[in-house]
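Residue-level listing of the chains:
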Amino acid sequence: MTTAGRDPGLQPERTRLAWRRTTLSCTVVALLAVRQALHGGAGPAAIVAVSLSALAWLGFLRVAHLRVLGMGTARPRLLSARGALTAAACTVALAVFATAMLF
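Residues numbered from 1 in each chain as written. Predicted model: local features only at pLDDT ≥ 70, side-chain atom pairs only at ≥ 80, totals over all residues. Heavy atoms only, no water.

Asks: What am I meant to see in the UniProt feature "transmembrane region" (unreviewed entry) in the protein chain here?
Replies: UniProt annotation of "transmembrane region" (unreviewed entry) refers to residues 21-38, 44-63 and 84-102 when read in the numbering used here. In the segment residues 21-38, helix accounts for 100% and strand for 0%; the C-alpha atoms at its two ends are 26 Å apart. Secondary structure within residues 44-63 divides into 100% helix and 0% strand; the distance between the first and last C-alpha atoms comes to 29 Å. (UniProt positions renumbered as here; feature names shortened; annotations may be inferred. Helix = DSSP H or I, 4+ residues; strand = E, 2+ residues; numbered from the N terminus.)

Below, the structure is given as structure tokens:
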């Protein structure tokens, strides 16, 4: 594998933009959860679901922020297994909490 024709600035930039888009999507999901809870009558289950959604959103935001900062170096490190697991767990948690709010 040769790297002679590779522009090292393009791949990290695409990855950085992908993390930002994903963070924006998670933010929209968290805000929709809050909206659903407020318009549906904020019962105890809805408040717990919104609180857990906010916690999952903050976890994902932290992983994404650290990853975007890491992409600013000349040779970005690989995403750690812990970071990947945290991002996946937060994404699944947001989906589960959103489903729980429907019932």
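After presenting the structure, the write-up continues.
Asks: When you look at the nonpolar core in this model, what are you seeing that I'm missing?
Replies: Side chains that are nonpolar tend, in soluble globular proteins, to be buried together. One finds Trp19, Cys26, Ala56, Phe60, Val63, Ala64, Val68, Ala87, Cys90, Ala93, Leu94 and Phe97 forming the largest nonpolar core, which totals 12 residues. Listed by contribution, the elements that provide at least two residues to this core are α1 (10-39), α2 (44-70) and α3 (81-102). Non-local contacts of Val63, meaning those with residues more than four positions away in its chain, are made with Trp19, Gly83, Thr86 and Ala87. By size, the runner-up hydrophobic cluster in this structure holds six residues, among which are Ala33, Ala46, Ala49 and Met101. (Core = buried A, V, L, I, M, F, W, Y, C linked by side-chain atoms within 4.5 Å. Buried < 20%, exposed > 50% of the residue type's maximum accessible area, 1.4 Å probe, protein only. Contact = heavy atoms within 4.5 Å.)

Asks: What is the right way to read the side chain of Thr23 from this model?
Replies: Residue placement: Thr23 occurs in helix α1. Looking at Thr23, the relative accessible area reads 13%, which means it is buried. Leave out the neighbours within four places in its chain, and Thr23 touches Trp57, Phe60, Leu61 and Ala64.

Asks: I'm lost on the pattern of salt bridges in this one. Help?
Replies: When their charged atoms lie close together, side chains carrying opposite charge are able to pair. Inspection of every chain in the model, using the stated rule, returns one salt bridge. Put simply, Glu13 and Arg16 hold a salt bridge, and the shortest N to O gap is 2.7 Å. Taken as a pair, Glu13 and Arg16 lie in helix α1 at a separation of three residues, close to a single helical turn. (Salt bridge = Lys/Arg side-chain N within 4 Å of Asp/Glu carboxyl O.)

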